[in-house]
Amino acid sequence: MSDILIIIPARYGSTRLPAKMLADLGGKPVIARTYQACAGAGIGEVLVATDHEDIVKAVAQCGGRSVMTPADCQSGTDRVWLAAKNRAEQIIINVQGDEPLISPETIRKTAAVLRDWRDADISTAAAPFPPDRNPDDPNAVKAVLAAPLENRDGKRALYFTRSAAPYRHELSPLRERVPYFLHCGIYGYRRASLERFVKLPPSALEQLERLEQLRALEAGMVIRCAMVASVPPAIDTGSDLAAAQRHLEIH
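Everything in this summary refers to the structure shown in the same document. (Residues numbered from 1 in each chain as written. Predicted model: local features only at pLDDT ≥ 70, side-chain atom pairs only at ≥ 80, totals over all residues. Heavy atoms only, no water.)

Before going further, it helps to spend a moment on the side chain of Arg-190. Looking at the secondary structure, you find Arg-190 in strand β10 (residues 181-190). Beyond its immediate stretch of four places on either side in the chain, Arg-190 contacts Gln-90, Leu-114, Trp-117, Arg-118, Ala-120 and Asp-121. (Helix = DSSP H or I, 4+ residues; strand = E, 2+ residues; numbered from the N terminus. Contact = heavy atoms within 4.5 Å.)

Listed below in structure tokens is the structure:
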């Protein structure tokens, strides 16, 4: 029996794209595509943690299971913890419900980082910044990683930011050699690390950048990254949904 549990937090309400989990994406609801990507990873049971019966029904129609969680959860991570806390698995993978195009290989690699790096409290994923995206875009979250010249899994995350970072000084010999890294919205937690994280109060940097993972770094937790080839579009807005549709058509 696997010691890994994949949980997909899927809140019904969304300010920018109402009911986005049920939006049609290539003939399937967004949440169904996310569920199938997670199931395709083949590393453990997959549960959707939601607050709405329509999402439960959509997941059931694609052969998945859901658990109900309160509508007033403060974050997706809190929703994940509520779904996981009475389970026995020691590694919890949090895949956002609005990541329907995530690769099963990205999920597997994120889980493997926790297996391979015993000091890691949390794992996530990052990719070299794509040439067609602007590093100054605040919606493209950058991961600042240690040992940036080593293209291997397990790089330690030093910071995450909406700014273009690290800064490339004009006199640096590494200016053209170190890429920006684009963060992928997936997290792996050891059970004890997830429990610790949700009990921490929101941190100053977290609130400043609106990036929840900064709470962990400010508390001294170690985050290590799986290196993946690319980060597919998440679904936050109607234009994101259209971009995801184009991605499906191309790939």
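A word on the nonpolar core. If you look at the biggest cluster of nonpolar residues, it comprises 31 residues, and the most contacted ones within it are Ile-6, Ile-31, Val-48, Ile-93, Val-95, Ile-107 and Ile-186. For this core, the secondary-structure elements that each account for two or more residues are β1 (4-10), α1 (30-41), β4 (45-50), α2 (53-61), β6 (91-95), α4 (104-116), β7 (122-128) and β10. Looking at which element gives the most residues to this core, the answer is α1, with 5 residues. Every residue in contact with Ile-107, bar those within four places of it in the chain, is listed here: Ile-6, Ala-37, Cys-38, Ala-41, Ile-43, Ile-93, Val-95, Ile-102 and Ile-186. Within the second largest apolar cluster, 30 residues are counted, among which are Ala-83, Leu-145, Tyr-189 and Leu-194. (Core = buried A, V, L, I, M, F, W, Y, C linked by side-chain atoms within 4.5 Å. Buried < 20%, exposed > 50% of the residue type's maximum accessible area, 1.4 Å probe, protein only.)

Time to look at the pattern of salt bridges. Tallying each qualifying case throughout the model produces 14 salt bridges. For Asp-236, the salt bridge is made with Lys-20, and the minimal N-O distance between the two is 3.3 Å. Here Lys-20 lies in the loop between β1 and β2 (24-25) and Asp-236 lies in the loop between β11 (223-227) and α8 (238-250), a separation of 216 residues in the sequence. Owing to a relative accessible area of 26%, Asp-236 belongs among the partly exposed residues under this scheme. Look at Lys-20 and you get buried, because its relative accessible area is 9%. (Salt bridge = Lys/Arg side-chain N within 4 Å of Asp/Glu carboxyl O.)

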